[in-house]
Amino acid sequence: MGLTGDSKGQLLSQLAELVKEISGLPECRNSCKKMHGTLVRRIKLLSPLFEELRDGNEESMVKIEEIKGFGLLKSALDSTKKLLQSINEGSKLYQALQKDQVAYKFQQMTETIEAALSEIPYDKLDISEEVREQIELVHAQFRRAKGRPESPDLQLEHDLAIVQKEKDPDPAILKRLSDKLQLRTINDLTKESVALHELVIASGEDPGERIEEMASLLKKLKDFVLTENPEADTSEGEKGLMKHRSPVIPDDFRCPISLELMKDPVIVSTGQTYERSCIQKWLDAGHKTCPKTQQTLLHTALTPNYVLKSLIALWCESNGVELPKKQGTCRSRKAGSSASDCDRTAIIALLEKLANGNSEQQRAAAGELRLLAKRNADNRVCIAEAGAIPLLVELLSSTDPRTQEHAVTALLNLSINDSNKGTIVNAGAIPDIVDVLKNGSTEARENAAATLFSLSVIDENKVAIGAAGAIPALIKLLCEGSPRGKKDAATAIFNLSIYQGNKARAVRAGIVPPLMRLLKDAGGGMVDEALAILAILASHHEGRAAIGQADPIPVLLEVIRTGSPRNRENAAAVLWSLCTSNLEQLKIAKDFGAEEALKDLSETGTDRAKRKAGSILELLQQLEVKEDAVSLSSL
C-alpha cells in the first residue's frame, strides 16, 4: 500500500534532516578519520534528492509508486548517525585497538545504505536531471565500496604492538602514535582519559584485559607528551598543576579507571585501590567485579587507603603539585552537563539584573552573559536552563545600542548549543534578530547575521527566517558590511537558500547583481562565497534567469580557467545550468571560447566539475552540428 502525500513528505523531511545532521557532525580526529570522512561525504551528496522531492508539489509526491527504499534508507541513516557519533565521542585508543571491528561496522553501514538505494526507483521520481545524475553517481560509489573494505593501517598496528610490548618505547614511535591518534596535548589526553572511564562504566560487558592495555598505552602517551611539551594546550587548572614542570605521577598514585592522581583512594575486596567516586560509579552501574583484575568482588565495601593518601599528599607537597579539586578528576562531566558552581551563582545574579535592573545594570549583565556563553559548553547549557534566553530576546528591542549588541551576541553564543536553537526560536527571537540586522550598530548587524546562520541549520527555521524578511537585510549587509560582515551575510544567505522558497526571495530581493560584483572583484576576498551562492541559485528557474541577465559568461569562464578547484567546479555548475536551459547562453559561451577552457576542466577538475564540463562540451558539439547543417542547407 502506498503512502499518502503527507506521510511521504514527513519521511522525506526526516531523511533530509538526517543527512543534514550527519553532514554537520564534527570532523573525526582519530584512527577512523578516513572511514568516517568518506562515509559522511557520500551521505552528504544524497541531500539534493530529499530537498528536491520534499520541496516539490504534493501531486508529484503522491505519484511515487515505490517508497520501500526510503524507509530502509531512513533506518540505515539512523544507525549510521549513531555509529558516527560513537566514533567521534568514544575512546581513540579503544577504536585503534579494535580497528577491525570498527571497520566491519562501517562496511555493514555501507552495505545497508547501498541496499536501500537499490530499492529507490530514480527513473520514477520527479527530480531534475542534475540531481538524478548525482544520486546515481553516489549509488555507484556505495556499490563499489560495498565490495572494497578499508585497507588496514599497517604502520598504526605495528606502532601499537611495539608500544604495548616495550616498557620504554622509542620516542619517535610514541610521537607518530600521538599524531596519528590526535592525542598531542594534555587536553587531548584528559578527554581520552574521560572517554576510557565512560567506556569502563557504560560497558554492559566488562572490557576485561583491554582496560589494562589501554591504561598502559595512555600512561605512556601522557608521559611522552609531558616530557616533550608539558604546557601545550592546557587549561588554567592544568597549568597550575604543571607550573613546576610536573613530574611523572607514580603509577601507584593513579586510579586504574581514570588514570588520574587519586585524592580519595579506597580499597576493594580484591586488594586493588581506586579513586572513591570512580569505583563507586562502577559499582552503581551494577558491576560485581574488580575492573582491573576481573575477579568477582566478595563484597562492595570500600575501605579508605589512608597510607596511600598520606603518601600522595607528601609527594604532591614535595613536587609542588596541587591535589585534585573537591569534585575529583574522574568525575564524569560531559560537555553541556552543567556549569561550575561559581559560574552558576554568577549566572543567577546576572539574570536578576537582566529582569529587574536599571538600563546600566542590564547592559552590564548582558555583556557578562555574552562572555560566559562564549567561554564553554557547560555555561551555554546552564544559562539557557536558568531562563536567560527570553530575557535576552526582550533586550533585542533595547534603545541602547550596546545593550542590543550584547544581547544578540549572547544569543549567538548560546545558539552554538543545538538544543538552545529551539529555545531561542520559541522565545520569538527571529523577528527581533531581523530587526537588529536591519537597524542595529555595525557589530550588532554582523552578529545578527551570524545568529541567523546558526539558527538556520535547522530546516524549519530556514522557512521562518526567510518569511521574517531577513534576506533583503542580509543582502544589504553583503553590500555594505565590513569584510567580516560580508562573510557572515554570505554564509547566512547560502544556508537559507538551500530552502527552495528562499531562492526566489533572494533573487527577487536583488541578490544577483551584488554577487556578480563580488565575483568580478578578485581582490575583495568574496569570490568563493559569491560563486557558492550563485551555484545554488542557478538550480532555480528565477535564479537562472536573473544570472543570465547579468552578462555572467565571461567571468565564469575566467574562473574556470584560473580559479581554485572548488571555484572552478561551482562556476561550471552555474554555466551548466545556464547552457542547458537557454540556447542563447550556450552560443555566448561558444563565442567566448568556452570549449578550450572546458576541455582543460574535463581533464583537471574535480569529479563534479569534469561531469559538468563534459555535459556542456556535448551541448557545444550538438550546437556545432546544427550550425553546420544550417550552413549546408543554405547553400
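On a predicted model such as this, the values are computed, not experimentally measured, just so you know. Along each chain, numbering runs from 1 in the same order as the chain's sequence is written. Local features are withheld for residues below a pLDDT of 70 in this predicted model, meaning they are given only at 70 or higher, and side-chain atom pairs are given and counted only at 80 or more; totals for whole chains, interfaces and linings count all residues. To obtain the side-chain values, all non-hydrogen atoms of the structure were included, while hydrogens and water were left out.

This paragraph deals with the overall build of the chain. Where helices and strands are cited, they refer to DSSP runs of H or I of at least four residues and of E of at least two residues respectively, numbered from the N terminus. Secondary structure assignment for the chain yields 35 helices and three strands. Out of the 635 residues belonging to the chain, those deemed buried represent 49%. Here, residues are in contact when the closest pair of their heavy atoms is within 4.5 Å. Sequence-distant contacts, at least 24 apart, represent 72% of the contacts inside the chain between residues at least 6 apart. Accessible surface computed for the chain: about 30200 Å², of which carbon and sulfur atoms make up 51%. Each residue's exposure class comes from its accessible area (1.4 Å probe, protein chains only) as a fraction of the maximum for that residue type: buried when under 20%, exposed when over 50%, partly exposed otherwise. Computed with the Shrake-Rupley method and a 1.4 Å probe, the accessible areas treat only the protein chains shown as cover for residues.

What follows covers the pattern of salt bridges. Two side chains carrying opposite charge are able to pair once their charged atoms lie near each other. Take a side-chain nitrogen of Lys or Arg and a carboxyl oxygen of Asp or Glu: if they are within 4 Å of each other, that pair is a salt bridge. Tallying each qualifying case throughout the model produces 25 salt bridges. For the salt bridge of Arg143 with Glu114, the shortest nitrogen-to-oxygen distance reads 3.8 Å. You can see Arg143 sitting in helix 8 (residues 129-146) and its partner Glu114 sitting in helix 7 (residues 99-118), a full 29 residues away along the chain. A residue is classified by how much of its surface remains accessible, and Arg143, at 43% relative accessible area, is partly exposed. Residue Glu529 pairs with Lys487 through a salt bridge whose shortest N-O separation is 2.8 Å.

Moving on: the side chain of Glu529. With respect to the helices, strands and loops of the structure, Glu529 is situated in helix 29 (residues 527-537). If near-sequence neighbours (up to four positions away) are discounted, Glu529 is found in contact with Lys487 and Ala490.

In this section: the UniProt feature "repeat: ARM" (unreviewed entry) in the chain. UniProt positions are given in the numbering used here, feature names are shortened, and annotations may be inferred rather than shown by experiment. In the numbering used here, UniProt assigns the feature "repeat: ARM" (unreviewed entry) to residues 387-429, 428-470, 469-511 and 510-547. Split by type, residues 510-547 is 71% helix and 0% strand. Its first and last C-alpha atoms lie 11 Å apart.

With that settled, consider the side chain of Ser415. Along the polypeptide, Ser415 turns up in the loop between helix 20 (401-414) and helix 21 (418-426). When its relative accessible area of 0% is taken as the criterion, Ser415 is described as buried. With residues near it in sequence (within four places) discarded, Ser415 still touches Lys421, Ile424, Ser454 and Leu455.

Here the aromatic set is Phe, Tyr and Trp, taking the six-membered ring for Trp, and pairing holds for ring centres within 6.5 Å; pairs whose planes are under 30 degrees apart are stacked, those over 60 apart are edge-to-face, and all others are tilted. Applying the stated criterion across every chain yields a total of one aromatic pair. With centroids separated by 6.4 Å and ring planes inclined at 70°, the aromatic side chains of Phe50 and Phe70 adopt a geometry described as edge-to-face. Placement of the pair is Phe50 in helix 3 (residues 47-55) and Phe70 in helix 5 (residues 68-89), with a sequence separation of 20 residues. Pair check on accessibility: Phe50 and Phe70 agree, each one buried.

The N-to-C vectors of helix 17 (residues 359-375) and helix 20 enclose an angle of 25°; their axes lie 8 Å apart at closest approach. Between helix 17 and helix 20, the interaxial angle falls into the category roughly parallel. Viewed along their axes, helix 17 and helix 20 form a crossing whose handedness is left-handed. Each of Ser359, Arg363, Ala366, Gly367, Leu369, Arg370, Ala373 and Lys374 in helix 17 lies in contact with helix 20, whose residues at this interface are Arg402, Thr403, Glu405, His406, Ala407, Thr409, Ala410, Asn413 and Leu414. Partitioning the contact of helix 17 with helix 20 into residue classes produces six nonpolar, six polar and five charged. Fitting a line to C-alpha atoms yields each axis, with helices limited to the stretch in contact; the angle taken between N-to-C directions then spans 0 to 180 degrees. Orientation labels follow simple angle bins: below 35 degrees gives roughly parallel, above 145 gives roughly antiparallel, 65 to 115 gives roughly perpendicular, and whatever is left gives oblique. Crossings are sorted by hand: turned counterclockwise from the far helix by less than a right angle, the near helix makes the crossing left-handed, and turned clockwise it makes it right-handed. For this classification, Asp, Glu, Lys and Arg are treated as charged, while Ala, Val, Leu, Ile, Met, Phe, Trp, Tyr, Cys and Pro are nonpolar and the rest, including Gly, are polar.

With that out of the way, let us pick up the environment of Pro121. Tracing the backbone through its elements, the reader meets Pro121 in the loop between helix 7 and helix 8. A relative accessible area of 13% means that Pro121 is categorised as buried. It is 9.8 Å that separates the C-alpha atoms of Pro121 and Lys68, two residues lying 53 residues apart in sequence.

What follows concerns the confidence of the model for the chain. With 83% of its residues at a pLDDT of 70 or more, the chain has an overall mean of 80. Residue-level confidence of the predictor is what pLDDT reports, using numbers from 0 through 100. Mean pLDDT across the elements of the chain bottoms out in helix 13 (residues 236-241) (39) and peaks in helix 22 (residues 429-439) (94). pLDDT under 50 marks residues 59-65. Its contacts with residues more than four places away, or in other chains, come to 15 contacts. Taken as a whole, residues 230-246 scores under 50 in pLDDT and shows 28 contacts with residues more than four places along the chain or in a different chain.

With that settled, the discussion passes to the packing of helix 31 (residues 553-562) against helix 34 (residues 594-604). At a minimum axis separation of 9 Å, helix 31 and helix 34 run at an interaxial angle of 35°. The element helix 31 and its partner helix 34 pack so that their crossing is left-handed. Residues Leu557, Ile560 and Arg561 of helix 31 touch helix 34, and the partners they reach there are Ala594, Ala597, Leu598 and Leu601. The residue makeup of the contact of helix 31 with helix 34, split by class, is six nonpolar, no polar and one charged.

The next point concerns the sheet that holds strand 1 (residues 265-267). Pairing within the open sheet is antiparallel, and its three strands lie in the order 2-1-3. Of all strands in the sheet, those bounded by a partner on one side alone are strand 2 (273-275) and strand 3 (303-304). The pairing criterion for strands is at least two bridges between them, as found by DSSP. Where strand 1 and strand 2 come together, three bridges link them in antiparallel fashion. From the neighbouring strand, Val266 faces strand 2, where its bridge partner is Tyr274. Packing against the sheet, helix 14 (residues 276-284) makes contact with strand 1, strand 2 and strand 3, and its axis sits at approximately 95° to strand 2.

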